Structures are given as structure tokens and as C-alpha cells.
Amino acid sequence: MIVTNIETVPGKTIVKHLGLVNGNTVRSKHAGRDIMAGLKNIFGGELKGYTELLTESREEALQRMLDQARAIGANAVVNVRFSTSSVAAGAAELFAYGTAVVVE
Amino acid sequence: MYDLILFLFLLLLGYVFGQRAEKRHFRSIIEREAQLGDILVFSERKIPDEAACEGILVAGSVVVSVDYFKRFVADLRNFFGGRVSAYESLLERARREAVLRMKEAARRKGADSVWNLRLETASIYKGAAGSVGAVEVIAYGTAVRQRR
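The notes below deal with the structure included here. Throughout this description, residue numbers start from 1 for each chain and increase along the sequence as written. Lettering for chains starts from A, numbering for ligands starts from 1, and both go in the order in which the items are written. Totals for whole chains, interfaces and linings use all residues, but because this is a predicted model, local features are given only for residues with pLDDT of at least 70 and pairs of side-chain atoms are given and counted only at 80 or more. Each side-chain value is worked out from all heavy atoms of the structure, with water and hydrogens disregarded.

## Regarding the environment of Ile29(B)
Residue and element names in this part refer to chain B. Stated formally: By definition, any uninterrupted DSSP run of H or I lasting at least four residues is a helix, any uninterrupted run of E lasting at least two residues is a strand, and each is numbered from the N terminus. Buried means the residue's accessible area, taken with a 1.4 Å probe over protein chains only, is under 20% of the maximum for its type, while exposed means over 50%, and partly exposed covers the values in between. It only takes one pair of heavy atoms within 4.5 Å for two residues to be counted as in contact.
Tracing the backbone through its elements, the reader meets Ile29 in helix 1 (residues 2-35). Accessibility expressed as a relative area gives 0% for Ile29, which makes it buried. Spatially, the C-alpha atoms of Ile29 and Tyr140 are 18 Å apart, while their sequence positions differ by 111 residues. Ignoring anything within four residues of it in the chain, the contact list for Ile29 reads Arg93, Arg96, Glu97 and Leu100.

Laid out in C-alpha cells, this is it:
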């Protein structure tokens, strides 16, 4: 599975467009991380726990998108975008979407 | 009275540790930017000699929190209006760090350039006690290497 965020797949030609695929995750922070983050809010600096959480949910959203693409018989996804929205206080959605295509 | 002492204490803690953390972070950013300087990043979508290379999505993310002192300064600034430089440096740090992590991912893939760089600011922390608190940045793009 090749994933790019430009319109094409470099070095390959797109033979068929299969349409939009997407994947999302909603994550929230848990209490332990909250306490650490509260401390960090005094001292400043990187919130490592949250960075991990963000990375995990990015991979998760991407994975769900890829599963969907695989299910409809694509072998690449182009024009991938990430988008975020906050659903409620303390929870946020990460959304990945792109166009499923068949290359070569 | 105790509240005031606690407040001043937190302010001092925030100032001392926050400034130190920020200086250290900027030093490390500048150092790593020099190391990864050979990976070029473009916000352009069109790759010139596309047929001769292969591309893959890379991303980097970071969550950075502001310190107690800076938040106080920013709140004051909010009252008077104008440039909130306390948050400007926070955002700059977060963006540069996210781009660096994306470049590191590109290096691991053996790429020499990254195209169509996008920056997305997430907000998991928003809504917690109504303050900005922390900023989350995702940087992503298509890493490209010449086909061998």
C-alpha cells in the first residue's frame, strides 16, 4: 500500500480511481496523563504522554483508512489529509481521508 | 495571603523552569535542524522529475505546553490587546519540532526531500479550564527518494 499526500504516486501511473476512503479515531486523555500534564502546565515543555497519544491516534486513523482502501481493492491512497475537530472538552477527533486508486 | 504566596511561587517556578526548558528546546531544535539540513522540504505539490522517484507519506507530531508564567503574561496581554509573544514562541517551537520529527521519519525511509508539507494544529487540550495550555501540531508530507 502506497500512501502520498500529492495527487499522484511518484514513479507510477494511476489506472483507476476508486473514490474517497476515510478513517477516524476519537481519543481522550486519561487521568494519569492529566496529572502529569497539570504539572507540566506549570513548568512548560513537551507533554510526552500526549505526543504519544497523538501519534498513536494518527496511525490508527491512517490504518482504518488503509483497511477501507484495501477492502475496495485499491493498492494506493493519494491526496491524504489529516483533519482534527474537538467533540467535547477533553476529547478530540483525528480524521484521515484520501482518494483510493489502483496504480500500474 | 497564602493564595498570593502560592501564586507568586508558581509564577517564579514557571519563569525559571519555563525559560530554561525553552532555551534548551531551541538549542536542540537548531542543532537537529543543522543535522537534517540536507533533507529539503517543499510546500509544492508538483515534483519535477516524478517518474524517477518513489514517494511515501511521512508525519511528525508534538504536544508542547506553555508554562505558568507565560500563561499569566498572555492573560495580561489579553486584557490590553496586542502581540502575544508568549504564545508565538510556543507555536514556533511546536511547528519546528513537528517538522523536524517529520524529517527524521523521512531520513529513516531513506528519502532526500519532502513535498507538499502540511501543518495541522490539533486541539485535544482545548476546553480544559478554558485556556490554551498546550498546542498540538502534526506535520506531514510526501517523502521522496530517487529510484535506484
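## A few points about helix 2 (residues 68-80) of chain B
Residue and element names in this part refer to chain B. Heads up, the rule is: Helix span, as expected, comes to 1.5 Å for every residue beyond the first. It is the directions from the helix axis to the C-beta atoms that the arc portrays. Under the rule applied, a polar contact is a pair of N or O atoms within 3.5 Å (in protein, one hydrogen donor and one hydrogen acceptor; residues adjacent in sequence only if both atoms are side-chain atoms).
Here helix 2 contains 13 residues, and its C-alpha end-to-end distance of 19 Å stays within 8% of the 18 Å for a straight helix at 1.5 Å per residue. Within helix 2, burial applies to Lys70, Arg71 and Ala74. The arc that holds the buried residues of helix 2, viewed along the axis, is 100°, so those residues lie on one side. Helix 2 presents Phe79 and Phe80 as exposed residues on the side facing more than 90 degrees away from its buried surface. Where helix 2 begins, the capping side chain belongs to Asp67, and its oxygen is found 3.1 Å from the backbone nitrogen of Phe69. Count one or two residues on from helix 2 and you reach Gly81, which has phi positive near 85°.

## Some details on the interface of chain A and chain B
Applicable threshold: In the sections that follow, a salt bridge refers to a side-chain nitrogen of Lys or Arg positioned within 4 Å of a carboxyl oxygen of Asp or Glu. Throughout, the ten residues Ala, Val, Leu, Ile, Met, Phe, Trp, Tyr, Cys and Pro are labelled nonpolar, Asp, Glu, Lys and Arg are labelled charged, and all others, Gly among them, are labelled polar. Strand pairing requires that DSSP identify at least two bridges connecting the strands.
Each side of the interface is counted separately: chain A has 40 residues, and chain B has 48 residues. On inspection of chain A and its partner chain B, the count reaches three salt bridges. Between Arg45(B) and Glu7(A) there is a salt bridge whose closest N-O contact spans 2.7 Å. Our count for the chain A to chain B interface comes out at 16 residue pairs in polar contact (both at pLDDT 80 or more). Listing elements by their share of the side of chain A that touches chain B, those giving two or more residues are strand 1 (2-3), helix 1 (31-43), strand 3 (45-46), helix 2 (48-71), strand 4 (76-88) and strand 5 (91-103) of chain A. Broken down by class, the residue content of the side of chain A that touches chain B amounts to 18 nonpolar, 14 polar and eight charged. Sheet topology note: the strand 3 of chain A/strand 2 (residues 53-65) of chain B ladder contains two bridges and is antiparallel. Counterpart to Glu46(A) in the pairing with strand 2 of chain B is Val64(B).

## Focus on the pattern of salt bridges
Side-chain pairing between opposite charges can occur once the charged atoms of the two side chains come close. Counted by the stated rule, this structure contains 16 salt bridges over all chains. Salt bridges linked by common partners bring Glu46(A), Arg32(B), Glu97(B), Arg101(B) and Glu104(B) together as one network.

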